[in-house]
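Here is what each chain is made of, one letter per residue.
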Amino acid sequence: MEIKPLVLHYEVSGDNFTGAGEASVAMKRELRQMGFDANVIRRAAIAMYEGEINMVIHAEGGVADVNVLPDRIEIVLTDEGPGIADVEQAMQAGFSTAPDNIRALGFGAGMGLPNMKRYSDEMKIETEIGRGTTVRMTVLADSPKNSF
Amino acid sequence: MTIRKIAELLDAEVLCGEEGVDREVKSACGSDMMSDVLAFVKDQAVLLTGLLNPQVIRTAVMMDMQCVVFVRAKVPGEDVLALARSCHLTVLASKERMYTACGKLYEQGLKGGELIGD
Ligand SMILES: Nc1ncnc2c1ncn2[C@@H]1O[C@H](COP(=O)(O)OP(=O)(O)O)[C@@H](O)[C@H]1O
Ligand SMILES: [Mg+2]
């Protein structure tokens, strides 16, 4: 099946937790209709989901831009939240500044960023304290990670 | 094991996705930490949980799971069920507690399956 390029844009509200993950479910639905391999779709969807949840719990929301190409899915998550002081520390499995009420909802285990790195083929974080954070991830259609 | 069999073993009510109960599932996981499910679970088709929020459904969708079991007699709101329906998930509610529910399924041959990265 031939995959036609597609551009997707989602506003991620930070007002409440209920909607967190909506954009990722919507993106996954689009990717399914396009005929990507199930592993590629799952990797892109999980990476975006963790990033989307992060924007909601740490940055009062943001936007998700997804560029779907035949050989790759590029995901850009942009927020105007507090920024990340120490990216290396934030990337460590188990590191989290999430409050207890978030943990009670099933998130805040400090696995989000490590998961995003693990499921994507490329990930870059640009962040500035007080300004916000942009996370760029690429998921390749052809990748050794598809056998995860 | 079919989802119907899971419902039987856990004396669970089918809250939605009745049409999916004859699907065969090979492995399951039980967790209240969605990030752990997203991190470690591979090819598990059933998620048992004590949480009730929409992110449980969305996590199951992300992982291509087929069935969510709410334990401890918890019943989700209509919004959560509507979301599950739109994603073609079967949702069960059981009175069993997490440990017992998982144990009953494991005992009957529904294993934990592989973990990612193993
Ligand atoms: N978009 C973001 N804006 C600000 N801080 C963030 C953002 N994403 C992640 N962080 C910081 O990085 C930490 C680790 O993130 P993550 O691995 O997803 O774990 P968790 O979300 O469970 O805390 C968070 O606790 C938070 O301090
Ligand atoms: Mg996170």
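Criteria and cut-off values
Along each chain, numbering runs from 1 in the same order as the chain's sequence is written. Going through the entries in the order they are written, you letter the chains from A and number the ligands from 1. Given that the model is predicted, a residue must reach a pLDDT of at least 70 before its local features are reported, and side-chain atom pairs must reach 80 or more before they are shown or counted; all residues, however, enter totals for whole chains, interfaces and linings. Excluded from the side-chain calculations are hydrogens and water; all other atoms, namely the structure's heavy atoms, are used. In this text, near means that some heavy atom of the residue lies within 4 Å of the molecule or strand in question. Definition of a polar contact: a pair of N or O atoms within 3.5 Å, with one able to donate and the other able to accept a hydrogen when the atoms are protein atoms, and with sequence-neighbouring residues admitted only if both atoms are side-chain atoms. Residue burial considers only the protein chains on display, and all accessible areas are found by Shrake-Rupley using a 1.4 Å probe. Put simply, two rings from Phe, Tyr or Trp (the six-membered ring, in Trp's case) pair if the centres are within 6.5 Å, and we call them stacked under 30 degrees between planes, edge-to-face over 60, tilted for the rest. Here a strand is any run of E in DSSP of at least two residues, a helix any run of H or I of at least four, and the numbering for each starts at the N terminus. Burial classification: accessible surface area is computed with a 1.4 Å probe over protein chains only, and a residue below 20% of its type maximum counts as buried, one above 50% as exposed, and the rest as partly exposed. Contacts are assigned to residue pairs with any non-hydrogen atoms lying within 4.5 Å of each other. Buried area is understood as the total, over both parts, of accessible area removed when two parts are fitted together, assessed with a 1.4 Å probe. The salt bridge definition used is simple: a Lys or Arg side-chain nitrogen within 4 Å of an Asp or Glu carboxyl oxygen. Under the convention used throughout, the expected extent of a helix is 1.5 Å for every residue step, that is, one less than its residue count.

Trainee: Would you take a moment to explain the site of ligand 1 for this structure?
Mentor: Residues and elements named next belong to chain A. The full set close to ligand 1 counts 20 residues, and Asn54, His58, Ser96, Thr97 and Gly110 are the nearest of them. Measuring from a nitrogen atom of ligand 1, one finds a side-chain N or O atom of Asp79 at 2.9 Å. At a separation of 2.8 Å, an oxygen atom of ligand 1 approaches a polar backbone atom of Gly110. Coverage of ligand 1 by the protein amounts to 94% of the 530 Å² it exposes when considered alone.

Trainee: I tried to follow the packing of aromatic side chains on my own but got confused; where do I start?
Mentor: Residues and elements named next belong to chain A. Applying the stated criterion to the full structure yields two aromatic pairs over all chains. Ring geometry for Phe17 against Phe107: centres 5.9 Å apart, planes inclined by 65 degrees, an arrangement best described as edge-to-face. Pair noted here: Phe17 is in the loop between β1 (6-13) and α1 (22-34) and Phe107 is in the loop between α4 (100-103) and α5 (112-119), with a separation of 90 residues, a long-range link. Grouping residues by exposure puts Phe17 and Phe107 together as buried. With 6.1 Å between their ring centres and 75 degrees between their planes, Tyr49 and Phe107 make a pair best called edge-to-face. Placement of the pair is Tyr49 in helix α2 (residues 38-59) and Phe107 in the loop between α4 and α5, with a sequence separation of 58 residues. When its relative accessible area of 1% is taken as the criterion, Phe107 is described as buried.

Trainee: Looking at this structure, how should I read the interface of chain B and chain A?
Mentor: Often the size quoted for an interface is simply the accessible area lost on bringing the parts together. At the interface, 23 residues of chain B touch 31 residues of chain A. Both faces combined, the contact of chain B with chain A buries some 2,200 Å², and carbon together with sulfur accounts for 56% of it. A per-residue breakdown of the area chain B buries against chain A is headed by Gln55, Arg58 and Met62 of chain B, which together make up 29% of the total. Viewed at the interface, chain A and chain B are joined by five salt bridges. Residues Asp64 of chain B and Arg32 of chain A are paired through a salt bridge, measuring 3.2 Å at the closest nitrogen-oxygen approach.

Trainee: Explain the pattern of salt bridges to me, please; I cannot follow it from the model alone.
Mentor: Pairing of side chains with opposite charge becomes possible as their charged atoms draw close. Overall, the coordinates contain 14 salt bridges over all chains when judged by the stated rule. Across the pair Arg42 of chain A and Asp43 of chain B runs a salt bridge whose closest N-O atoms are separated by 4.0 Å. With Arg42 of chain A in helix α2 and Asp43 of chain B in the loop between α2 (34-40) and β3 (46-49), this residue pair bridges two chains. A single network of salt bridges, built from pairs that share partners, joins Lys28, Arg32 and Arg42 of chain A together with Asp43 and Asp64 of chain B.

Trainee: Looking at this structure, I do not really get α1 of chain A. What am I missing?
Mentor: The α-helix winds at 3.6 residues per turn, so residues separated by three or four positions along the chain end up facing the same way. Here α1 of chain A spans 19 Å end to end across 13 residues, near enough to the 18 Å set by a 1.5 Å rise per residue. Considered for burial, the residues of α1 of chain A that qualify are Ala23, Ser24, Val25, Met27, Lys28, Leu31 and Met34 of chain A. Buried residues in α1 of chain A make contact with β1, α2, β2 (61-69) and β3 (72-79) of chain A together with α3 (54-62) of chain B.

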